[in-house]
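What the coordinates show
Below, each chain spelled out in residue letters.
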Amino acid sequence: MSRFALCAALLLASLPAFAADTPADLAQRGRYLVMIAGCNDCHTADFAQTGGKVPETQWLLGDKLGWSGAWGTTYAPNLRLRLAGMDLPAYKAYARGLVTRPPMPYWAVNAMSEQDLEALHAYITSLGPAGEHAPAALPPGVAAPGPAVQFPAPPPVLAGH
């Protein structure tokens, strides 16, 4: 068998495995991504503080803990409400164009593969909408009314560096 034929046979043999993924498999992969990407650390109240011992029914509901710095104060939004009614193409466009204030690592979401975005969408929407929206972001100079993690001022940028 030629190398080309062997490669083609291996490729064709692998295609049914990808096509056989069920919606439940896709959602399970999304759950895994939520865990390893640290989504719950900010978007699930008390998740990091309890070592992840928050019931899954409470995952991704956002938080009232603020993140304050030179940009003002941001709050981790309720992803279950954010994605409610957002179909997959709309979610992918949203994820690809996402630019947020700190501390959200939006560049990581921008860089996710199509399959990862599909899995995240499947998982988050499988949880169903619940909870309430997180507080609105506050501009610089406005004190957070509740608890907030305070980031230090960024170091000055030196000329020529």
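Residues numbered from 1 in each chain as written. Predicted model: local features only at pLDDT ≥ 70, side-chain atom pairs only at ≥ 80, totals over all residues. Heavy atoms only, no water.

Quick look at the environment of Lys92
Inspection of the secondary structure puts Lys92 in helix 5 (residues 88–97). Once the C-alpha coordinates of Lys92 and Glu114 are considered, the two residues, 22 residues apart in sequence, prove to be 7.9 Å apart. Residues contacting Lys92, with those up to four places away along its chain left out, are Glu114, Leu117 and Glu118. (Helix = DSSP H or I, 4+ residues; strand = E, 2+ residues; numbered from the N terminus. Contact = heavy atoms within 4.5 Å.)

Description of the state of the cysteines
The bond known as a disulfide is covalent and runs between the sulfur atoms of two cysteines. In this structure the tally under the stated criterion is zero disulfides. The structure places no disulfide on Cys39, whose sulfur is separated from the nearest cysteine sulfur, that of Cys42, by 9.3 Å. Look at Cys42 and you get partly exposed, because its relative accessible area is 25%. (Disulfide = S-S within 2.5 Å. Buried < 20%, exposed > 50% of the residue type's maximum accessible area, 1.4 Å probe, protein only.)

Here we look at the pattern of salt bridges
Evaluated as defined, the whole model comprises six salt bridges. In this structure, Lys92 engages Glu114 in a salt bridge whose closest nitrogen and oxygen atoms are separated by 2.9 Å. Highlighted residues: Lys92 in helix 5 and Glu114 in helix 7 (residues 114–127), separated in sequence by 22 residues. The exposure class of Glu114 is partly exposed, given its relative accessible area of 35%. Its salt-bridge partner being Glu118, residue Lys92 comes within 2.6 Å of it at the nearest N-O pair. Here Lys92 is found in helix 5, whereas its partner Glu118 is found in helix 7, with 26 residues between them in sequence. Through salt bridges that share partners, Lys92, Arg96, Glu114 and Glu118 make up one connected network. (Salt bridge = Lys/Arg side-chain N within 4 Å of Asp/Glu carboxyl O.)

Some remarks on the side chain of Asp116
With respect to the helices, strands and loops of the structure, Asp116 is situated in helix 7. Once you skip the residues sitting within four places of it in the chain, Asp116 turns out to touch Arg29 and Leu33.

Brief notes about the confidence of the model for the protein chain
Residues with a pLDDT of 70 or more make up 86% of the protein chain, whose mean pLDDT is 88. Across residues 1–20 the pLDDT falls below 50, and counting only partners more than four positions away or on other chains, this stretch makes two contacts in the model. (pLDDT = per-residue confidence, 0-100.)

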